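# Structural overview
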Amino acid sequence: MELSTILKQLKENMSRAYAPYSKFHVGSVIRSTDGSYYNGCNVENAAYPLGVCAEGGAISAMVQNGSREIAEIYVMGSGDELVTPCGGCRQKIREFSTPETKIHVCGPEGLRQSFTIEDLLPFSFGPDNLKHD
Ligand code: THU
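In this report, the structure presented in the accompanying data block is examined. (Residues numbered from 1 in each chain as written. Predicted model: local features only at pLDDT ≥ 70, side-chain atom pairs only at ≥ 80, totals over all residues. Heavy atoms only, no water.)

### A word on the nonpolar core
In plain terms, the rule: Note on terminology: a nonpolar core comprises buried Ala, Val, Leu, Ile, Met, Phe, Trp, Tyr and Cys residues joined through side-chain atoms within 4.5 Å. Per-residue accessibility, obtained with a 1.4 Å probe over protein chains only, is compared with the maximum for each type, and a residue is labelled buried under 20%, exposed over 50%, and partly exposed between these values. We count a stretch as a helix when DSSP gives it H or I for four or more residues in a row; a strand needs E for two or more, and each element gets its number in order from the N terminus. When checking whether two residues touch, look at their non-hydrogen atoms; a contact exists if any pair is within 4.5 Å.
Within the largest apolar cluster, 15 residues are counted, with the highest numbers of intra-cluster contacts made by Ile30, Ile59, Met62, Ile70, Ile73, Ile93 and Ile103. Among the secondary structure elements, those contributing two or more residues to this core are helix 2 (54-64), strand 3 (70-76), strand 4 (102-107) and helix 4 (117-120). The element contributing the most residues to this core is helix 2, with three residues. Setting aside anything within four residues of it in sequence, one finds Ile73 in contact with Ser28, Val29, Ile30, Glu55, Ile93, Lys102, Ile103 and His104. Ile6, Leu7, Met14 and Met76 belong to the second-largest nonpolar core, a separate cluster that totals eight residues.

### Looking at the sheet that holds strand 5 (residues 110-115)
Applied cut-off: The pairing criterion is simple: DSSP has to find at least two bridges between the two strands. Think of each axis as a best-fit line through the C-alpha atoms, taken over the contacting stretch in the case of a helix, with angles from 0 to 180 degrees between the N-to-C directions.
Read from one edge to the other, the open sheet built from five strands follows the order 2-1-3-4-5, with strand pairing classed as mixed. Here the strands that pair on one side only, and so sit at the sheet edges, are strand 2 (37-41) and strand 5. On average, adjacent strands in this sheet sit at an angle of 20 degrees to one another, irrespective of strand direction. Pairing of strand 4 with strand 5, which is carried by five bridges, proceeds in the antiparallel orientation. Residue pairing across strands places Ile103 opposite Phe115, the latter belonging to strand 5. Against the sheet, helix 2 engages strand 1 (27-32), strand 2 and strand 3, with an angle of about 145 degrees to strand 2.

What follows is the structure, given as structure tokens:
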């Protein structure tokens, strides 16, 4: 999928966010390494901490559909700041990442900056840490 198509999809996903409390709409698109695309938006809750980020929603959709590896994950939010994934989402992304996985941070005008998971979550704890005899 071309970047312009992904940017349109991100805007569509942002528009579907349920964010009555923060009023901050976020959209996400994942391309898995097996070539499928998954969408997410943030879904807040009156019990505030139960809200789910856009990235978390896209990851759940990916896993439910049988994909387990993120080639690229795009995140789009508004405002001047970079909408980098929150700490919890960095850990969620890390679970399904490789060193080549790209995290693309976008604004409504386009791609702003790209990162690896090592950039965002160095010295991370992951599935390999749980391997033992
Ligand atoms: N949010 C996301 O969905 N993804 C991010 O990368 C940053 C923050 C959501 C969580 C909450 O619904 C709202 O944005 C404000 O924090």
